[in-house]
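Topology and contacts: notes
One letter stands for each residue in the lines below.
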Amino acid sequence: MSDSTATSRRELLKKVQEADFYALELQLYLNTHPNCERALRLYEETVKKAKVLRNEYEETYGPLTATSSSGKAPWQWSKNPWTWEIERS
């Protein structure tokens, strides 16, 4: 994997992780503030953004989880490098 490919992959994975983390934080906030319209709107936007980013990553680099793998050999999702195995610059 070239340095630019590793960097792009790492950057996109970081964006996926950030969106997932933000969605989880908003979900926790909404557990105690269920009537907060702003938080609900932000949550919905963040979930959509995370889905778009995850789809972009998976279309380019392969599935992130076993449940997003498809085909005759869904267990092959693990053939991709693990998060900690992606080359660092």
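Note that the structure is predicted; figures quoted are calculated from it, not measured.

**Things to note about the overall build of the protein**
- Looking only at helices and strands, one finds 2 helices and 0 strands in the protein.
- Looking at the protein as a whole, 22% of its 89 residues are labelled buried.
- Carbon and sulfur atoms form 52% of the exposed surface of the protein, whose accessible area is close to 6,800 Å².

**Considerations on the side chain of Arg9**
- Within the fold, Arg9 resides in helix α1 (residues 3–32).
- Given a relative accessible area of 6%, Arg9 falls into the buried group.

**Section: the side chain of Thr46**
- Mapping Thr46 onto the fold places it in helix α2 (residues 37–61).
- Judged by its relative accessible area of 7%, Thr46 is buried.
- Sequence-distant contacts of Thr46, defined by excluding residues within four places in its chain, comprise Ala19, Tyr22, Ala23 and Leu26.

**Focus: the nonpolar core**
- Formed by Leu12, Leu13, Val16, Ala19, Ala50, Leu53, Tyr57 and Tyr61, the largest nonpolar core amounts to 8 residues.
- Looking at this core, the elements that each hand over two or more residues are α1 and α2.

**Observations regarding the environment of Leu26**
- Looking at where Leu26 falls in the secondary structure, it is placed in helix α1.
- Sequence separation between Leu26 and Glu44 is 18 residues; the distance between their C-alpha atoms is 9.5 Å.
- Apart from residues lying up to four places away in sequence, Leu26 is in contact with Ala39, Leu42, Tyr43 and Thr46.

**Digging into the pattern of salt bridges**
- For the structure on display, the rule yields 2 salt bridges.
- Residue Glu18 is joined to Lys14 by a salt bridge in which the shortest nitrogen-to-oxygen separation is 3.9 Å. A residue pair is termed a helical-turn pair when its members lie 3 or 4 positions apart in one helix, as Glu18 and Lys14 do in helix α1 at 4 residues.
- Of the charged contacts, one joins Arg54 and Asp20 as a salt bridge, the two residues approaching to 2.3 Å between their closest N and O atoms. With Arg54 in helix α2 and Asp20 in helix α1, this pair connects stretches of sequence that are 34 residues apart.
- Accessibility expressed as a relative area gives 25% for Arg54, which makes it partly exposed.
- For Asp20, a relative accessible area of 31% puts it in the partly exposed group.

So, how was this worked out
Residues numbered from 1 in each chain as written. Predicted model: local features only at pLDDT ≥ 70, side-chain atom pairs only at ≥ 80, totals over all residues. Heavy atoms only, no water. Helix = DSSP H or I, 4+ residues; strand = E, 2+ residues; numbered from the N terminus. Buried < 20%, exposed > 50% of the residue type's maximum accessible area, 1.4 Å probe, protein only. Areas by Shrake-Rupley, 256 points an atom, 1.4 Å probe, with all protein chains shown as cover. Contact = heavy atoms within 4.5 Å. Core = buried A, V, L, I, M, F, W, Y, C linked by side-chain atoms within 4.5 Å. Salt bridge = Lys/Arg side-chain N within 4 Å of Asp/Glu carboxyl O.

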